[in-house]
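# Report on the structure
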Amino acid sequence: MLRLDDSEQTALYSLIQGLTGTCQEGNFKKDILSSNVERRINTLGIPSFASYINLLSNDDYEYQQFLSLITIHTTYWFREHPHFKKLEDEVLKKISASNGPMKLKIWSAACSTGQEAYSIAFVMESICALYPKLSYEIYASDIDPVSVSTAKAGLYPMAQLKTIPNQFQNSVQLKGQNFEVKDKIRKKIHFFTGSLLSDQSSRFQGSLDFIFCRNVLIYFNIVTGN
């Protein structure tokens, strides 16, 4: 079984930092990332780390799989409930200050497999039901194309259903042994692959009202001016 030596691990972490911008100093999550890559190389039966890196340069599918291997996917429904209560409070403030129709735009940055973006949508749906003049649009991005593909499908294991509060479960429906987000909600979310290192402003076609960028910046170094 192939294992990366010290120099190969150093090269891997340098590549990860260059591609994602995430800090690879210290030991934070590094063992997980190197193990993911080692497992993939062994599964493919590739004889060396150098051969795998060469494959990434010539195979778009494998490059997408690699991006998924080197990113952290921890996410779940309504992660940290106070943040969603804060969203609700701020939306209600905007409604009280407006006399006419209003459309809000929200960005879920580093959305992973979509649970955060859909949780935001469920909150917005509940508010829209009380205030018909309110509408919304959500943009959700992640550097990992595999996670974005899962998010677009909106299909999740049944075990996750119990983590969605009861008042929002009318936003999903059963599908076989899984559940899926209802189509009318999925249509209001624009999922796309994108790095936080690149300018995404052209995607939004105007200003944003709210940005969710949570549990992401901990992976980056703080850069200060001279």
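Residues numbered from 1 in each chain as written. Predicted model: local features only at pLDDT ≥ 70, side-chain atom pairs only at ≥ 80, totals over all residues. Heavy atoms only, no water.

This part takes up the environment of Leu 134. Tracing the backbone shows Leu 134 in strand S2 (residues 134-142). The exposure class of Leu 134 is buried, given its relative accessible area of 7%. For the pair formed by Leu 134 and Lys 94, sequence separation is 40 residues and the distance between their alpha carbons is 10.0 Å. What Leu 134 contacts, discounting residues up to four positions off in sequence, is Val 91, Ile 95, Met 102, Leu 104, Met 124, Ile 127 and Cys 128. (Helix = DSSP H or I, 4+ residues; strand = E, 2+ residues; numbered from the N terminus. Buried < 20%, exposed > 50% of the residue type's maximum accessible area, 1.4 Å probe, protein only. Contact = heavy atoms within 4.5 Å.)

Let us look at the sheet that holds strand S1 (residues 102-109). Here we have 4 strands laid out as an open sheet, ordered S6-S2-S1-S7, and parallel in their pairing. One side of each edge strand has no neighbouring strand; the edge strands of this open sheet are strand S6 (189-193) and strand S7 (210-212). Within the sheet, the average angular offset between the axes of one strand and its neighbour, ignoring direction, is 15 degrees. Alignment of S1 against S2, held across 8 bridges, turns out to be parallel. Residue pairing in the sheet places Lys 103 in a bridge with Ser 135 of S2. This element, helix H6 (residues 115-130), spans S1, S2, S6 and S7 of the sheet and lies at about 180 degrees to S2. Against the sheet, helix H7 (residues 145-153) makes contact with S2 and S6, and its axis sits at roughly 160 degrees relative to S6, the strand it touches most. (Pairing = 2+ DSSP bridges. Axes fitted to C-alpha atoms, helices over the stretch in contact; angles between N-to-C directions.)

Where strand S4 (residues 172-175) meets strand S5 (residues 178-181), 4 bridges bridge the pair, whose relative direction is antiparallel. Pairing of Gln 173 across the sheet is with Glu 180, part of S5. The antiparallel hairpin formed by S4 and S5 contains 2 residues in its connecting segment, where Gly 176 sits at a positive phi of about 65 degrees.

Turning next to the sheet that holds strand S3 (residues 155-157). The 3 strands lie next to each other as S3-S5-S4, forming an open sheet whose pairing is antiparallel. Of all strands in the sheet, those bounded by a partner on one side alone are S3 and S4. In this sheet, neighbouring strand axes are inclined to one another by 35 degrees on average, regardless of whether the strands run parallel or antiparallel.

Let us look at the packing of aromatic side chains. Under the criterion given, the structure shown has 12 aromatic pairs. Plain terms: the ring middles of Trp 77 and Tyr 156 are 5.1 Å apart, the flat faces sit at 80 degrees to each other, and that makes the pair edge-to-face. In this pair, Trp 77 is assigned in the loop between helix H4 (60-69) and helix H5 (81-96) and Tyr 156 in strand S3, connecting sequence segments 79 residues apart. Residue Trp 77 shares its accessibility class with Tyr 156, and that shared class is buried. Seen in terms of ring centroids, Trp 77 and Phe 179 are 6.0 Å apart; in terms of plane orientation they differ by 45 degrees. Their pairing is tilted. Here the residue Trp 77 occupies a position in the loop between H4 and H5, and Phe 179 occupies one in strand S5, the gap between them amounting to 102 residues. Take Trp 77 and Phe 179: they sit in the same class, and that class is buried. Ring-pair connections join several aromatic residues into one group, and the members of that group are Trp 77, Phe 78, Phe 84, Tyr 118, Phe 122, Tyr 156, Phe 168, Phe 179, Phe 191 and Phe 212. (Phe/Tyr/Trp six-rings, centres within 6.5 Å; stacked < 30°, edge-to-face > 60°.)

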